[in-house]
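Chains, contacts and geometry: an overview
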Amino acid sequence: VEARVQVRRGETQELDQARPQRPREMTDTEFVRKILKLADRWWNMHRRVNNPDGSVTHSKIKVCEEWHGTKGRQAFVEWSLNNGFDFHLVLDRRENNGDYSPNNCQWITQKENVSKELRTIEYEGGFYTQTELVKKFAHPSVNLPCFKGRRMQGWPLEEALSRPKGNYRARHYG
């Protein structure tokens, strides 16, 4: 919509500079559809972070400066086109507590995203995958398989993370 407004005002030079270049393997129609969809995804990303009713519940999460404003939208579109965007994919933050940025985002399927959300655990004021929990909080001897096994046996989260591996005292949970 903004691109059409700029053309009507005769600002075609500014528009040409702001428009991402179409990859050779992509048709014009597909390119325009992707840009419009990405503009919508860019808007929704900002809305989720800035809107308390959005799906992002951490007030600490931000959108990087590189993806702010009109030039930020262009940078997001270009990053997305170069990093596997397709219509059936959703934007995902690799680190759940990290900001929306080129280094922390990826395009994944909805199924992968739901699976990732199901594995997210709240701990010490943040949300983490099991892998992140073990890397950041576990005793050095506790690896991911050990942690998962303990959790499947019903161990409390704190104890599953902090008890050294090989400490075989009989504990029964459940």
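Everything here concerns the structure above.
Now for a description of the structure that goes with this document. (Residues numbered from 1 in each chain as written. Predicted model: local features only at pLDDT ≥ 70, side-chain atom pairs only at ≥ 80, totals over all residues. Heavy atoms only, no water.)

**A word on the side chain of D92**
Basically, it comes down to this: Under the scheme used here, helices are H or I runs from DSSP no shorter than 4 residues and strands are E runs no shorter than 2 residues, and both carry numbers assigned from the N terminus. In the analysis that follows, any N or O atom pair within 3.5 Å is treated as a polar contact, provided that within protein one partner can donate a hydrogen and the other can accept it, and provided that, for residues neighboring in sequence, both atoms belong to side chains. Should any heavy atoms of two residues lie within 4.5 Å, those residues are considered in contact.
With respect to the helices, strands and loops of the structure, D92 is situated in strand β1 (residues 89-93). Reaching out from D92, the side chain makes a polar contact with the side chain of Q106 at a distance of 2.8 Å. Excluding residues that lie within four positions of it along the chain, D92 makes contacts with N104, C105, Q106, I108, N113 and K116.

**Describing the packing of helix α6 (residues 130-137) against helix α7 (residues 144-152)**
Definition in use: Here an angle of 0 to 180 degrees is reported between the N-to-C directions of two axes, which are lines fitted to C-alpha atoms, with helices fitted over the stretch in contact. In what follows, roughly perpendicular refers to angles from 65 to 115 degrees, roughly parallel to angles under 35, roughly antiparallel to angles over 145, and oblique to any angle outside these ranges. Rotating anticlockwise by less than a right angle from the far helix to the near helix defines a left-handed crossing, while the corresponding clockwise rotation defines a right-handed one.
Closest axis-to-axis distance for the α6/α7 pair is 10 Å, and the angle between their directions is 115 degrees. Our classification of the angle between α6 and α7 gives roughly perpendicular. As α6 packs across α7, the resulting crossing turns out to be right-handed. Residues Q130, T131, L133 and V134 of α6 touch α7, and the partners they reach there are L144, F147 and K148.

Keep in mind that these numbers describe shape and distance, not what the molecule does.
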